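The chain contents come next:
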Amino acid sequence: QVQLVESGGGLVQAGGSLRLSCAASASIPSFNPMGWYRQAPEKERELVSSIISGSNPNYADSVKGRFTISRDNAKNTVYLHMASLKPEDTAVYYCYAALQGTKTAWGQGTQVTVSS
């Protein structure tokens with residue numbers, strides 16, 4: 001079973017930056033999407049960004065121009081660089097990786113808190 005391990009969350013002031021990392025325990029085919037969701041308190045989980053190697057990444061409108069997703073297939077790792085953070089970015093961030101068929105692997109979640 002593929003495991004995803006996240007790191008990089010924390011507390012940051014508004015306007016600051018953080019980089020999240022998510023390492024998979026096994027190889028994820030480059031044509032399988034990897035990415036990030038987030039869930040704020042009392043809100044539904046939303047897709048933040050996703051990436052397939054060789055294609056343009058997708059971003060939620062709320063993070064376009066501020067967040068950048070990247071992927072290192074050799075390391076089976078996906079990153080999310082978050083800049084110009086806002087209090088409304090506060091959430092638990094979950095990475096995911098699409099596996100064979102309809103299976104999806106999920107990370108354990110990492111808390112990002114942006115203070116005003």
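Here the structure is a predicted model, which is why all the values come from computation and not from measurement.

**So, the overall build of the protein chain**
What the protein chain contains, in helices and strands, is zero helices and 11 strands. Going residue by residue from the N terminus, the α and β elements of the protein chain occur as β-β-β-β-β-β-β-β-β-β-β. Its C-alpha radius of gyration of 13 Å places the protein chain within 12% of the 13 Å reference for a compact globule of 116 residues. Across its three principal directions, the C-alpha atoms of the protein chain cover 40 × 25 × 25 Å. With 116 residues in all, the protein chain has 41% of them scored as buried. Taking all contacts inside the protein chain whose residues are at least 6 apart in sequence as the whole, residues at least 24 apart take part in 53%. Within the protein chain, one finds 10 positive and 8 negative side-chain charges whose respective centroids are separated by 7 Å.

**Side note on the environment of Gly15**
Mapped onto the elements, Gly15 comes out in the loop between β2 (10-13) and β3 (18-24). Counting along the chain gives 101 residues from Gly15 to Ser116, while the straight-line C-alpha distance between them is 8.8 Å. Contacts of Gly15, omitting those with residues within four sequence positions, involve Ser84 and Leu85.

**Quick look at the pattern of salt bridges**
Across all of its chains, the model carries four salt bridges by this definition. Notably, a salt bridge pairs Asp61 with Lys64, separated by 3.1 Å at the nearest N-O pair. Look at the salt bridges and you will find they share partners, linking Arg38, Glu46, Arg66 and Asp89 into a network.

**Comments concerning the environment of Gly16**
Take Gly16: it is sitting in the loop between β2 and β3. What makes Gly16 buried here is its relative accessible area of 18%. Put simply, Gly16 and Ser84 are 68 residues apart on the chain and 5.5 Å apart in space, counted from C-alpha to C-alpha. The residues touching Gly16, leaving out its near neighbours within four places in the chain, are Met82, Ala83, Ser84 and Leu85.

Calculation rules
- Residues numbered from 1 in each chain as written.
- Predicted model: local features only at pLDDT ≥ 70, side-chain atom pairs only at ≥ 80, totals over all residues.
- Heavy atoms only, no water.
- Helix = DSSP H or I, 4+ residues; strand = E, 2+ residues; numbered from the N terminus.
- Rg over C-alpha atoms; globule rule 2.2 N^0.38 Å.
- Buried < 20%, exposed > 50% of the residue type's maximum accessible area, 1.4 Å probe, protein only.
- Contact = heavy atoms within 4.5 Å.
- Lys, Arg positive; Asp, Glu negative; His and termini not counted.
- Charge placed at Lys NZ, Arg CZ, Asp CG, Glu CD.
- Salt bridge = Lys/Arg side-chain N within 4 Å of Asp/Glu carboxyl O.

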